[in-house]
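This is what each chain is made of:
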Amino acid sequence: MELCYQLPVLPLDRPVPKHVLSRRGAISFSSSSSLFGAPDPRQLSQRRGAISYDSSDQTALYIRMLAVTNKTIKPSFVFTPGACVIFKQLFSNVRVRSQVGFEPERRGSHPYLGVDFRTLHSRAESAGTIPARRIRRLFSFQRHLLSSRLLRGAPHLNPLHILDEDYCGQAKCMLEKVGSWNFDIFLFDRLTNGNSLVFLTFNLLNQYGLIELFQLDMVKLRRFLVLVQEDYHNQNPYHNAVHAADVTQAMHCYLREPKLAQSLTSFDILLGLLAAATHDLDHPGVNQPFLIKTNHYLAALYRNTSVLENHHWRSAVGLLRETELFSNLPAEDSLSIERQLGSLILATDISRQNEYLSRFRTHLDENDLCLGNASHRHFVLQMALKCADICNPCRPWELSKQWSEKVTDEFFHQGDIEKKYKLEISPLCDSEANTIASVQIGFMTYVVEPLFAEWARFSDTRLSQTMLGHLGLNKASWSAMEPEASGSSEEGESEPGRATDEPSSRVLSQGSQES
């Protein structure tokens, strides 16, 4: 796609249209051919994507993007008196989320445009009536990819913020409280227009000082995070980018726990955050048994062993290599990151829950965990990621209930597919035999409670007690919804005994469904 610019100079006494001053928002693209060429001004005024500043600001900048596939893009600029703008167009391979529905270039379910629009600083270039205030905007879906040279010590007078000025409100306030266990990831995702994973992970990497410490190229990092977010399937009710962002935020909370904060290295923290962000990458929305019994190529590729987790890991490694995120590090360090990333992601296989839990319990019983030992720190990171992955029942009820409904919806959707193709229905996936409450009570009792009880033994802090408290309250809330189902049969007394015959196996047979 070739780009050209036309910056028409308009009379300075021409007023800014009212509809411009009243509109705010990110640039969007339209494929309506009727708006290209020489559009009617009335049609142009109805175009989406106008950007303006405060309605009382008479130095508003009005930008229209006219995009035509395989044609030209013509940004039209209207400058009002006192506004002086330097516009710079840079290119990269980063995809920009668009509002129109055209086919993406490659993997993922979201339309992206292979162009990155970056505006830099608005700055007074002449004396007189031009205000001293600098106008800074971030284009390309409110993302700015800062050049790596800015991290190499090159001076710059106008440092840019991670979020543009539209995010100086609620979203920025939320990021200031990203370490709170009550963090509402659903609200944050709405405030970031569906980009919670990108902004949250970038913010945490910056907060820990990892970008500067490892000299990560900002363009490559942003591109990596955007591609990670793109490779999550948003049509999945549960295993999507919002879940990945939630797990990353929970991982951040655990990394701040005193025992970990005092012992983990920057390398450990980098691994923990990257593993949390990519742990369910390209999840298909069905579990491992489903892939095996349908002879899916992934099951054959990984020989029916940790199929999904292996795929998540390999997908993450593929993106790391595609973006060359760690190309500045020695080759052996890059390979070490890839191997340890795989070790963390593979630990989220819930079918191996008892294996990791027994090992964790043994360490705690013998009191031989030494966080000065690299292998012990890595094991604790594995347990932290496992906790973060299934921590939804330990969140406040308002958040936990939403996650429970989403994951059960995904279970039942798989069960509907199995019914349609006359396959054996997987445990917990039959909407006629299970309820949200019954699924959650079993999961909390046989999977979540044992894991978080041991984590509380390891890290007996206020956060651990808060999580166990929420877990108990949430379980009681679901139990209160279940009496009708359990009491509908006169043989209700025998039901609990029958339910406990194979409780753990029924839950764990879900393979990677919850993880």
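For every chain, the first residue of its written sequence is number 1, and the numbers climb from 1 along that sequence. Reporting in this predicted model follows two pLDDT cut-offs: at least 70 for local features of residues, and 80 or more for side-chain atom pairs to be given and counted; totals over whole chains, interfaces and linings ignore these cut-offs and use all residues. Note: side-chain values were computed over all heavy atoms of the structure, leaving out hydrogens and water.

For the protein, an unreviewed UniProt entry supplies the name Phosphodiesterase and the organism Carassius auratus. Checking UniProt for the protein, the heading Sequence similarities (unreviewed entry) contains the comment "Belongs to the cyclic nucleotide phosphodiesterase family. PDE7 subfamily." Turning to the protein, the UniProt annotation filed under Pathway (unreviewed entry) states: "Purine metabolism; 3',5'-cyclic AMP degradation; AMP from 3',5'-cyclic AMP: step 1/1." UniProt positions are given in the numbering used here, feature names are shortened, and annotations may be inferred rather than shown by experiment.

This paragraph deals with the overall build of the protein. A tally of helices and strands in the protein yields 22 helices and 6 strands. Three exposure classes are used, based on accessible area relative to the maximum for each residue type with a 1.4 Å probe and protein chains only: buried under 20%, partly exposed in between, and exposed over 50%. Relative to its full complement of 515 residues, the protein shows a buried share of 52%. We call two residues in contact when some of their heavy atoms are within 4.5 Å. Once local pairs closer than 6 in sequence are excluded, the contacts in the protein between residues at least 24 apart make up 73%. Each accessible area is a Shrake-Rupley result for a 1.4 Å probe, and residues are judged covered by the shown protein chains and nothing else. For the protein, the accessible area works out to roughly 23,300 Å², and carbon and sulfur atoms hold 52% of it. Segments assigned H or I by DSSP are reported as helices when at least four residues long, segments assigned E as strands when at least two residues long, and all are numbered from the N terminus.

Within this structure's numbering, the places UniProt gives as "active site" (unreviewed entry) are His239. We classify His239 as buried; its relative accessible area is 0%.

Okay, the packing of helix α18 (residues 436-458) against helix α19 (residues 462-481) next. Interhelical geometry of α18 versus α19 gives an angle of 160° and a closest axis separation of 10 Å. What the angle tells us is that α18 and α19 run roughly antiparallel. In this structure, α18 meets α19 at a crossing whose hand is left-handed. In contact with Ile436, Ala437, Gln440, Ile441, Met444, Thr445, Val448, Glu449, Phe452, Ala453, Trp455 and Ala456 of α18, α19 contributes Ser464, Gln465, Met467, Leu468, Leu471, Asn474, Lys475, Trp478, Ser479 and Met481. Three residue categories are used. Nonpolar comprises Ala, Val, Leu, Ile, Met, Phe, Trp, Tyr, Cys and Pro, charged comprises Asp, Glu, Lys and Arg, and polar comprises the others, including Gly. A breakdown of the residues in the contact of α18 with α19 according to their chemical character gives 14 nonpolar, 6 polar and 2 charged. Between N-to-C directions, angles cover 0 to 180 degrees, with each direction set by a line fitted to C-alpha atoms, over the stretch in contact for helices. The cut-offs work like this: below 35 degrees is roughly parallel, past 145 is roughly antiparallel, 65 to 115 is roughly perpendicular, and the gaps in between are oblique. Should the near helix be turned counterclockwise from the far one by less than a right angle, the crossing is left-handed, whereas a clockwise turn marks it as right-handed.

With respect to the helices and strands, Ser315 occurs in helix α13 (residues 307-323). Look at Ser315 and you get buried, because its relative accessible area is 15%. Those residues in contact with Ser315 that lie beyond four places of it in its chain are Leu281 and Asp282.

Here, expected helix span is obtained from the residue count minus one, scaled by 1.5 Å. Spanning 16 residues, helix α14 (residues 331-346) covers 23 Å between terminal C-alpha atoms, matching the ideal 22 Å at 1.5 Å per step. The secondary structure elements touched by the buried residues of α14 are α10 (266-278), α13 and α16 (374-389).

This paragraph deals with the UniProt feature "binding site: Zn(2+) 1" (unreviewed entry) in the protein. Per the UniProt entry, the sites bearing "binding site: Zn(2+) 1" (unreviewed entry) are His243, His279, Asp280 and Asp389 in this numbering. Across 147 residues, the annotated set stays spatially compact, with a maximum C-alpha separation of 10.0 Å. Considering the arrangement of structural elements, one finds His243 in helix α8 (residues 241-255). With residues up to four places along the chain from it excluded, the contact list for His243 reads Tyr238, His279, Asp280, Asp389 and Trp403. The definition of a polar contact used here is a pair of N or O atoms within 3.5 Å, where within protein one atom must be able to donate a hydrogen and the other to accept one, and adjacent residues in sequence count solely through side-chain atom pairs. Among the polar contacts made by the side chain of His243, one reaches the side chain of His279 at a distance of 3.1 Å. Position of Asp280 among the secondary structure elements: in the loop between α10 and α11 (288-293). For Asp280, a relative accessible area of 1% translates into the label buried.

This brings us to the nonpolar core. Only buried residues count toward a nonpolar core. Its members are Ala, Val, Leu, Ile, Met, Phe, Trp, Tyr and Cys residues joined through side-chain atoms within 4.5 Å. Core analysis: the biggest nonpolar cluster contains 103 residues, and Trp181, Phe188, Tyr254, Phe326, Phe452 and Trp455 have the highest contact counts within it. Considering each element in turn, this core owes the most residues, 11 residues, to α18. In this view, Trp455 contacts Tyr254, Leu260, Phe360, Val380, Met383, Ala384, Cys387, Ser464 and Met467; residues no more than four positions away in its chain are not counted. One finds Phe290, Ala299, Tyr302 and Val307 within the second-largest nonpolar core, a separate group that totals 8 residues.

So, on to the confidence of the model for the protein. Of all residues in the protein, 61% have pLDDT values of 70 or greater, and the mean over the chain is 74. Confidence of the prediction at every residue is given by pLDDT, a number between 0 and 100. Here residues 1-14 scores under 50 on pLDDT; set against residues more than four positions off or in separate chains, the count is 29 contacts. Predicted confidence is poor over residues 19-152, with pLDDT under 50, and the contacts of this stretch with residues over four places away or in other chains come to 303 contacts.

Attention now goes to the pattern of salt bridges. One side-chain nitrogen of Lys or Arg within 4 Å of one carboxyl oxygen of Asp or Glu is enough to make a salt bridge. Under the defined criterion, the tally for this structure stands at 13 salt bridges. The salt bridge partner of Lys293 is Glu418, with a shortest N-O separation of 2.9 Å. Of this pair, Lys293 sits in helix α11 while Glu418 sits in helix α17 (residues 397-420), and the two are 125 residues apart along the sequence. A salt bridge links Lys419 to Glu432; its shortest N-O distance comes to 3.7 Å. With Lys419 in helix α17 and Glu432 in the loop between α17 and α18, the pair connects residues that are 13 residues apart, well separated along the chain. Counted as one network, the salt bridges with shared partners bring together Arg361, Asp365, Glu454 and Arg457.

All right, on to α16 then. Spanning 16 residues, α16 covers 22 Å between terminal C-alpha atoms, matching the ideal 22 Å at 1.5 Å per step. Of all 16 residues in α16, 14 are buried, a share of seventy percent or more.

Think of it this way: a Phe, Tyr or Trp ring, Trp meaning its six-membered ring, pairs with another when their centres are within 6.5 Å, and the plane angle makes it stacked under 30 degrees, edge-to-face over 60, tilted otherwise. Scanning the model with the defined rule gives 10 aromatic pairs in all. An angle of 50° between the planes, with centres 5.5 Å apart, marks the rings of Tyr254 and Trp455 as tilted. Taken together, the positions of Tyr254 in helix α8 and Trp455 in helix α18 put the pair 201 residues apart, joining distant regions of the chain. With a relative accessible area of 0%, Tyr254 lands in the buried category. You can call Trp455 buried: its relative accessible area is 1%.

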